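Spelled out, the chains give:
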Amino acid sequence: MRPKRSHHCSRCGHCVRRMDHHCPWINNCVGEDNHWLFLQLCFYTQVLSLFTLLLDFCQYYYFSPLTELNPDEFTTKHELALVRVSALMGLVMFGGMSGLFYSQMTGILADMTTIERMSTFSTEVSGSKRSWQWALEEVCGTRWKVLWFLPVRSRKSLRSGRHFRGLV
């Protein structure tokens, strides 16, 4: 018997509970047990991209203004090129990860996986309207919001209903 809201992945050959998608970047299925880690990956990639853009901005305008240096020097030309490439990659990564994070969060808050949203005849969608906090608590496995950002802990299931909310 296939558990409710599970999906068989044709790429890795496993049946995954609440499977959202098979991610080529992590080479694994994103489902009930690791969805919160995928959200952390998206979130921290956005933070790192913003930090890269901040450092590029500071390097270009504050640390060593390239306009004061001799523009004919080899290092000045290459430093300017590297700052521009780094800024471009920071913008691309931030834009891509922001879109991915937004789509994942809307799916979590709507209590639908990506596969369920793509399926027009899905009968296994729960359809229960829950608060955004309860939806994130279920995905992250804890009611302690500060722990949602820590990847060095184990996830505990909160599937059995509201009376198990006290478990951490």
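Residues numbered from 1 in each chain as written. Predicted model: local features only at pLDDT ≥ 70, side-chain atom pairs only at ≥ 80, totals over all residues. Heavy atoms only, no water.

Draft legend 1. Summary view of the packing of aromatic side chains. Inspection of the entire model under this criterion finds three aromatic pairs. Their ring planes at 45° and their centres at 6.3 Å tell us that Phe 43 and Phe 101 sit as a pair that is tilted. With Phe 43 in helix α1 (residues 35-63) and Phe 101 in helix α2 (residues 74-109), this pair connects stretches of sequence that are 58 residues apart. With relative accessibility at 28%, the residue Phe 43 sits in the partly exposed group. Ring centres of Phe 43 and Phe 149 lie 5.3 Å apart, and the angle between their planes is 50°; on these two criteria the pair is classed as tilted. (Phe/Tyr/Trp six-rings, centres within 6.5 Å; stacked < 30°, edge-to-face > 60°. Helix = DSSP H or I, 4+ residues; strand = E, 2+ residues; numbered from the N terminus. Buried < 20%, exposed > 50% of the residue type's maximum accessible area, 1.4 Å probe, protein only.)

Draft legend 2. Here's a closer look at the pattern of salt bridges. Counted under the stated rule, the structure contains five salt bridges. The partner of Arg 5 in a salt bridge is Asp 111, and the shortest N-O contact between them spans 3.5 Å. Here Arg 5 is found in the segment before β1 (6-8), whereas its partner Asp 111 is found in the loop between α2 and α3 (114-118), with 106 residues between them in sequence. On the accessibility criterion, Asp 111 (4% relative accessible area) is buried. Between Glu 32 and Arg 17 there is a salt bridge, and its shortest N-O distance comes to 2.5 Å. Here Arg 17 lies in strand β2 (residues 15-17) and Glu 32 lies in the loop between β4 (28-30) and α1, a separation of 15 residues in the sequence. Assessed through its relative accessible area of 9%, Glu 32 is described here as buried. On the accessibility criterion, Arg 17 (35% relative accessible area) is partly exposed. Connected through shared salt-bridge partners, Arg 5, Arg 18, Asp 111 and Glu 116 make up one network. (Salt bridge = Lys/Arg side-chain N within 4 Å of Asp/Glu carboxyl O.)

Any link to function would need more than the numbers given here.
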